[in-house]
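Okay, here's what each chain looks like letter by letter:
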Number of protein chains: 2
Amino acid sequence: MARSGAKRTAGQGPSTGSEETRRALVAATIEALREEGFSGTSAREIARRAGCNQGLVFYHFGTVTNLLLAALDEVSSLRLTRYQAAVDEANDLGELVQTAQSVFEEDLDAGYISVLAEMIAGASSTPGLGAEVASRVAPWRIFAADAMRDTLADTPFAQLIPAEELAHGIVALYLGLEMLAHLDGDRGGALALFERARQVAGLLGALSAGPATKEER
Amino acid sequence: MARSGAKRTAGQGPSTGSEETRRALVAATIEALREEGFSGTSAREIARRAGCNQGLVFYHFGTVTNLLLAALDEVSSLRLTRYQAAVDEANDLGELVQTAQSVFEEDLDAGYISVLAEMIAGASSTPGLGAEVASRVAPWRIFAADAMRDTLADTPFAQLIPAEELAHGIVALYLGLEMLAHLDGDRGGALALFERARQVAGLLGALSAGPATKEER
DNA sequence: GTCTATACTTGGATAGAC
DNA sequence: GTCTATCCAAGTATAGAC
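Attention here is on the structure that accompanies the text. A quick note: this is a predicted structure, and the numbers were derived from the prediction, not measured.

### Considering the relation of the copies chain A and chain B
Here is step 1 of the chain: Least-squares fitting of chain A to chain B yields an RMSD of 0.0 Å, with the transformation described by 0.0 Å of translation along the axis and a rotation of 180 degrees. Taken together, the rotation and translation relating the two chain copies correspond to the operation of a two-fold axis.
Here is step 2 of the chain: Most of the interface of chain A is mirrored in chain B, where 100% of its interface residues again form contacts.

### Here's the deal with helix 5 (residues 93-110) of chain B
Each turn of an α-helix holds 3.6 residues, which means side chains three or four residues apart point in the same direction.
Residue and element names in this part refer to chain B.
Here is step 1 of the chain: With 18 residues, helix 5 ought to run about 26 Å at 1.5 Å a step, and its terminal C-alpha atoms sit 25 Å apart, in line with that.
Here is step 2 of the chain: Those residues of helix 5 not exposed but buried are Gly94, Leu96, Val97, Thr99, Gln101, Val103, Phe104, Asp107 and Leu108.
Here is step 3 of the chain: Backbone nitrogen of glycine 94 and a side-chain oxygen of the N-cap are separated by 3.2 Å at the start of helix 5; the cap is aspartate 92.
Here is step 4 of the chain: In the stretch just after helix 5, glycine 111 is the one whose phi turns positive, near 75 degrees.

### As for the packing of aromatic side chains
Residue and element names in this part refer to chain A.
Here is step 1 of the chain: Summed over all chains, the structure comprises 10 aromatic pairs over all chains.
Here is step 2 of the chain: With centroids separated by 5.8 Å and ring planes inclined at 45 degrees, the aromatic side chains of tyrosine 83 and phenylalanine 143 adopt a geometry described as tilted. With a gap of 60 residues between them, tyrosine 83 in helix 4 (residues 64-89) and phenylalanine 143 in helix 7 (residues 129-152) connect regions that are remote in the sequence.
Here is step 3 of the chain: Cluster of aromatic residues (ring-pair linked, three or more members): Tyr83, Phe104, Trp140, Phe143, Tyr174 and Phe194.
Here is step 4 of the chain: Above the ring of phenylalanine 61, the side-chain terminus of arginine 22 is found at 4.6 Å from the ring centroid.

### Some thoughts on the packing of helix 4 of chain A against helix 5 (residues 93-110) of chain A
All names here are of chain A.
Here is step 1 of the chain: Relative to each other, helix 4 and helix 5 sit at 155 degrees, their axes nearing to 9 Å. The orientation of helix 4 relative to helix 5 falls into the category roughly antiparallel. Pair helix 4 / helix 5 crosses with right-handed handedness. Listed contacts from helix 5 to Arg79, Arg82, Tyr83, Ala86, Val87 and Glu89 of helix 4 are Glu95, Leu96, Thr99, Val103, Glu106 and Asp107.

### Points about the protein's contact with DNA strand D
Here is step 1 of the chain: Looking at DNA strand D, there are 17 residues lining it, with Arg44 of chain A together with Thr21, Asn53, Tyr59 and His60 of chain B nearest.
Here is step 2 of the chain: A share of 60% is what sugar and phosphate atoms reach among the atoms of DNA strand D within 4 Å of the protein.
Here is step 3 of the chain: Between DNA strand D and arginine 44 of chain A there is a distance of 2.9 Å, counted from a base nitrogen to a side-chain nitrogen or oxygen.
Here is step 4 of the chain: The side chain of glutamine 54 of chain A places a nitrogen or oxygen atom 2.9 Å from a base nitrogen of DNA strand D.
Here is step 5 of the chain: Considering only residue class, the surface near DNA strand D consists of seven nonpolar, eight polar and two charged.

### Notes on the nonpolar core
Most often, soluble globular proteins keep nonpolar side chains buried together rather than apart.
Here is step 1 of the chain: One finds Met119, Ile120 and Val133 of chain A together with Met119, Ile120 and Val133 of chain B to be the most contacted residues of the largest nonpolar core, which totals 130 residues.
Here is step 2 of the chain: If we ignore the near neighbours within four places in the chain, the residues touching methionine 119 of chain A are Leu33, Phe38, Leu68, Leu69, Leu72, Leu129 and Val133 of chain A.

### Some remarks on the pattern of salt bridges
Residue and element names in this part refer to chain A.
Here is step 1 of the chain: Evaluation of the coordinates by the stated rule reveals 40 salt bridges over all chains.
Here is step 2 of the chain: With a closest N to O distance of 2.7 Å, glutamate 45 and arginine 49 form a salt bridge. Here glutamate 45 pairs with arginine 49, and both are found in helix 2 (residues 43-50), just four residues apart, close to one helical turn. Like arginine 49, glutamate 45 is buried.
Here is step 3 of the chain: A salt bridge links arginine 198 to glutamate 195; the shortest N-O distance between them is 2.8 Å. A residue pair is termed a helical-turn pair when its members lie 3 or 4 positions apart in one helix, as arginine 198 and glutamate 195 do in helix 10 (residues 188-209) at three residues.
Here is step 4 of the chain: Here arginine 198 falls in the partly exposed class, since its relative accessible area comes to 30%.
Here is step 5 of the chain: Counted as one network, the salt bridges with shared partners bring together Glu31, Arg34, Glu35, Glu36, Glu45, Arg48 and Arg49.

### Details of the protein's contact with DNA strand C
Here is step 1 of the chain: Of all residues adjacent to DNA strand C, which total 16 residues, the nearest are Ser18, Thr21, Asn53 and His60 of chain A together with Ala43 of chain B.
Here is step 2 of the chain: Of everything in DNA strand C that lies within 4 Å of the protein, sugar and phosphate atoms constitute 58%.
Here is step 3 of the chain: With respect to DNA strand C, the side chain of threonine 21 of chain A contributes an N or O atom lying 2.5 Å from a phosphate oxygen.
Here is step 4 of the chain: In this structure, a phosphate oxygen belonging to DNA strand C sits 3.5 Å away from a main-chain N or O atom of valine 64 of chain B.
Here is step 5 of the chain: Among the secondary structure elements, those contributing two or more residues to the surface near DNA strand C are helix 1 (17-40) and helix 3 (55-61) of chain A together with helix 2 (43-50) of chain B.
Here is step 6 of the chain: Of the residues contributing to the surface near DNA strand C, the split by class is seven nonpolar, eight polar and one charged.

### Looking at the interface of chain A and chain B
Here is step 1 of the chain: On the side of chain B, 42 residues touch chain A, which itself brings 42 residues to the contact.
Here is step 2 of the chain: Both sides together, the interface formed by chain A and chain B hides about 3,400 Å², and carbon and sulfur atoms give 69% of it.
Here is step 3 of the chain: The largest contributions to the chain A side of the interface with chain B come from Leu180, Leu183 and Arg196 of chain A, which together make up 18% of the buried area.
Here is step 4 of the chain: The closest approach of N and O atoms between glutamate 165 of chain B and arginine 196 of chain A, which form a salt bridge, is 2.8 Å.
Here is step 5 of the chain: The interface formed by chain A and chain B holds eight residue pairs in polar contact (both at pLDDT 80 or more) in total.
Here is step 6 of the chain: Sorting the residues of the side of chain A that touches chain B by element identifies helix 1, helix 6 (112-122), helix 7, helix 9 (163-183) and helix 10 of chain A as the ones contributing at least two each.
Here is step 7 of the chain: A per-element tally of the side of chain A that touches chain B places helix 9 of chain A first, with 13 residues.
Here is step 8 of the chain: Class assignment for the residues of the side of chain A that touches chain B results in 23 nonpolar, 12 polar and seven charged.

### Concerning the environment of asparagine 53 of chain A
Residues and elements named next belong to chain A.
Here is step 1 of the chain: Among the secondary structure elements, asparagine 53 is positioned in the loop between helix 2 and helix 3.
Here is step 2 of the chain: Here asparagine 53 falls in the exposed class, since its relative accessible area comes to 51%.
Here is step 3 of the chain: Separated by 10 residues in sequence, asparagine 53 and alanine 43 place their C-alpha atoms 9.2 Å apart.
Here is step 4 of the chain: Of the polar contacts made by the side chain of asparagine 53, one reaches the backbone nitrogen of glycine 55; its length is 2.7 Å.

Criteria and thresholds
- Here, residues in each chain are numbered from 1, in the same order as that chain's written sequence.
- For this description, chains carry letters from A and ligands carry numbers from 1, given in the order in which they are written.
- The model is predicted, so local features are restricted to residues of pLDDT at least 70 and side-chain atom pairs to those at 80 or more, both for listing and for counting; the totals for chains, interfaces and linings are taken over all residues.
- As a convention, hydrogens and water are excluded, and side-chain values are obtained from all of the structure's heavy atoms.
- All copies are superposed by least squares; the fitting set is the C-alpha atoms of residues with a pLDDT of at least 70 in both.
- The contact rule is simple, with two residues in contact once any of their heavy atoms fall within 4.5 Å.
- Segments assigned H or I by DSSP are reported as helices when at least four residues long, segments assigned E as strands when at least two residues long, and all are numbered from the N terminus.
- Expected span of a helix: the number of residues minus one, times 1.5 Å.
- A 1.4 Å probe rolled over the protein chains alone gives each residue an accessible area, and that area as a share of the maximum for its type sets the label: buried under 20%, exposed over 50%, partly exposed in between.
- Contacts described as polar in this section are N or O atom pairs within 3.5 Å, which, within protein, must combine one atom able to donate a hydrogen with one able to accept it, while residues neighboring in sequence count only if both atoms come from side chains.
- The aromatic pairing rule takes the rings of Phe, Tyr and Trp, using the six-membered ring of Trp, and pairs them if the centres are within 6.5 Å, calling planes under 30 degrees apart stacked, those over 60 edge-to-face and the rest tilted.
- Two conditions define a charge sitting above a ring: the NZ of Lys or the CZ of Arg must be within 6 Å of the ring centre, and it must be within 35 degrees of the ring normal.
- Working convention: axes come from line fits to C-alpha atoms, limited for helices to the stretch in contact. Angles between N-to-C directions cover 0 to 180 degrees.
- Each angle gets one of four labels, with under 35 degrees taken as roughly parallel, over 145 as roughly antiparallel, 65 to 115 as roughly perpendicular, and the rest as oblique.
- By convention the crossing between two helices is left-handed if the near helix lies anticlockwise of the far one by an angle smaller than a right angle, and right-handed if it lies clockwise.
- Here, proximity means that at least one heavy atom of the residue falls within 4 Å of the molecule or strand.
- Think of it as three bins: nonpolar holds Ala, Val, Leu, Ile, Met, Phe, Trp, Tyr, Cys and Pro, charged holds Asp, Glu, Lys and Arg, and polar takes everything else, Gly as well.
- By nonpolar core is meant a set of buried Ala, Val, Leu, Ile, Met, Phe, Trp, Tyr and Cys residues that side-chain atoms within 4.5 Å join together.
- The rule for a salt bridge is simple: a side-chain nitrogen of Lys or Arg has to be within 4 Å of a carboxyl oxygen of Asp or Glu.
- In short, buried area is how much 1.4 Å probe accessible area vanishes from two parts on joining, totalled over both.

Function-wise, these values are silent; they only describe arrangement.
And the structure:
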């Protein structure tokens, strides 16, 4: 709401009024990117969703573009943390795919990947934005590569295809699946693929590990 | 240029002045979508590139959105024809991947998939546009499914994963690879993947067909 | 830090001359 | 069919009051 009252703990507590507004603006930007797309995410639309005045966008972030990037930073940080936690829980390829599916559905529901997709697509329209977005997408690829490396370490696939190449493909596929699912409001196609991947992963796991079921490490 | 002179064969030849202008506008729209993105593709920007007046966008297409869709139709028709020809030439999975790679580079150079990506991303910002875009993307999936079916018909993969599911993934991957390549102006990641896919395809082909090299059908 | 008001620009769309 | 001129809405950004 960003009104004036509601004084904090006075000693500049964990979140000042200013920080509160910044946060509200970032959250509103994520929301707007997801629901209105890049070109629909104007300073006025953001402020409306944040429940504050349009001028605050410029006071706090200077330009709309900066706020868009702050939103992308927020999403990136939020999701990479979540992805890491999810991957840490997975013990084999099958579990990794299973985990990826839950996370994918979260992303779809919350529109996080929409934010990414809108920023990538929107980057063409603003000089210099492409590089900024690219530098924020890079960690996603690094994360995916690390995850691939860890999970495929002692399987024959590590020799067949390098983790970096596979990671590039995984990120691209994830992005593409999100866009298609969002486009026709139907995640069925993507979910069927995850299901199939899980099944194939189980099959491959059984083959490469031999008849032994677990604890062979 | 869309000026008045240059009379045609008088009997309403293969392209009247009107048709010429429509074509110029569509071509300019494709160009603009690729270079300026969805939000940068305004009636004025399009007219500037077409070398004609801004009002003609509305005279010929009613709204900018209609012109955008006409551009998407053009790209879709152009590329599906090309894809079909390419697939018809391929005799096995390896050749199919090889063909897909050339076509992918064409798409990247000409920006055709950028047009698709921008329209998908931009659809969020205009009510009703999503459905229009979706109906124009559907043929791509159908095409991919048919291509998969034909190529995998007598391999064990046909049993392992249905053509429709695979097709959905292929389209998503293609779209995602294009967006990433366009974002950081580097197609290396995508090309490495194609290269790897070709290699794996060769390996799988050899396995599933046995030691025989060709003409086993 | 936040709000109101406003200057300036760009874009969608139409009217009317040619 | 095409162009010029114009209206109106929406967007970015800034100034100044509170």
